[in-house]
Amino acid sequence: MKPSPRMRLAGAALLCAAAILSGCAEKTRYGDARGVETVTNQFGSTDLQMIAESMTRSMLNTPLVTSGERPIMTVQEVKNKTSEYIDTRSITDSIRTELQKSGRVRFAVDAAAMDQQVEELKRQQSDYYDAKKSVPVGKMVGAAYRLEGNITSIVKEAKDVKDVFYKFNLQMWNVQTGLLEWGDEKEIRKTTSR
Amino acid sequence: MNMKLLVVVLIASVTGAGCATQNKIERPGYAYGCPGDSDKIKSKSDLINAKLEMAGSIPNIDVVDLRCTERTGPLRIDVDFKNTGNETRRIAYRFRWLDREGMRAWDDETWKPLLIYGNTQYTVTTTAPTQEAVDFKVVVMDQEKPQ
């Protein structure tokens, strides 16, 4: 049986609709979490990972860390002096994780986590706990060194070009003496052109 | 008098030769100062081939030297990349860290973008992230086709 012109037309319309729909369909795939990300020139995952790695490896080379004494540190604020929103806590968390994993540094509780620490200590002193199996108060260890830093940026924009320059600076200060024990910088330049 | 001088010169030359030989002796499991099988690695080129992993072909980019030291504590590595072409190239690299048994000693590093101008050399330096990381591979991939 020969298809009628109307049936042919309906078939062609169906094919076109399927082609259009498949073209519009979104695709979701897993990517490389450590890959170079250049979707925009704003601060991104590659920048965060590169900064954390660069600072950590630099710090692991200092005599203080290579001595094997496992110095006790605490992480203070990294100031965001750029014009965009950057979660600097995420950068310092990554740095702390890498340093902790290296096994050459120990971290004391920082200011941000102090409330939770004190809350837990207080909770264990309550009547609900066996006094012999509760941790005693007054035994917390203070950090001998503190980490602090800042991130700045310079943004230049012309008609077809946008250039962003980031500078991340991290320092390790001796809490007792106030001496700067270590410091390093990581610079990143990203240029977008049309 | 001449005989005494000859003896002194002989002793000095023997001592000197001894020192020179000692400097060339590698620690077991090391070749050219880097961790590696000294029986298989007979030249710097062998060392580079043993440590380098190219993710696909990368035109005009060569690793021309590789140096290692543990003088300051953890393993430190210098890798010299050279762009043999005239155009600026963009590549990415990362290190893979292995322990004494050849097992992975650290999580995957982030790929680090690197821009190398034409006909220039660029040295990349890194430090082992942990004391367990005693061996390494440097992995390189192309970030774009030649311009």
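The structure we're discussing is the one just above.
A brief structural summary. Note that the coordinates shown come from a computational prediction; the quantities given were computed from them, not determined experimentally.

### Concerning the nonpolar core
Counting residues in hydrophobic clusters, the biggest one holds 25 residues, and the most contacted among them are Ile51(A), Ala52(A), Met55(A), Met59(A) and Ile91(A). With six residues, the top contributor of residues to this core is helix 2 (residues 45–59) of chain A. In this view, Ile51(A) contacts Ile91(A), Phe168(A) and Lys186(A); residues no more than four positions away in its chain are not counted. One finds Val63(B), Leu66(B), Ala133(B) and Phe136(B) within the second-largest nonpolar core, a separate group that totals 23 residues.

### Comments concerning the sheet that holds strand 4 (residues 61–69) of chain B
Adjacent strands of a sheet form backbone hydrogen bonds with each other and so pair up, either parallel or antiparallel. Residues and elements named next belong to chain B. The sheet built from three strands is open, its strands ordered 4-5-8 with antiparallel pairing. Of all the strands in the sheet, the pair left with one neighbour each is strand 4 and strand 8 (121–127). Sheet twist, expressed as the average angle between the axes of neighbouring strands with direction ignored, equals 20 degrees. Here strand 4 runs beside strand 5 (residues 76–83); their pairing, made up of eight bridges, is antiparallel. What sits directly across from Asp65, in strand 5, is Asp80.

### Topic: helix 2 (residues 44–51) of chain B
Given 3.6 residues to a turn, an α-helix orients residues that are three or four positions apart in the same direction. Residue and element names in this part refer to chain B. All of the buried residues in helix 2 are Leu47, Ile48 and Lys51. Within helix 2, the buried residues cover an arc of 95 degrees as seen down the axis, which keeps them to one side. Opposite the packed face of helix 2, turned more than 90 degrees from it, sit the exposed residues Ser45 and Asn49.

Rules used throughout
Residues numbered from 1 in each chain as written. Chains lettered and ligands numbered in written order. Predicted model: local features only at pLDDT ≥ 70, side-chain atom pairs only at ≥ 80, totals over all residues. Core = buried A, V, L, I, M, F, W, Y, C linked by C-beta atoms within 7 Å. Buried ≥ 20, exposed ≤ 12 C-beta atoms within 10 Å, placed from the backbone. Helix = DSSP H or I, 4+ residues; strand = E, 2+ residues; numbered from the N terminus. Contact = placed C-beta atoms within 7 Å. Pairing = 2+ DSSP bridges. Axes fitted to C-alpha atoms, helices over the stretch in contact; angles between N-to-C directions. Arc of directions from axis to C-beta.

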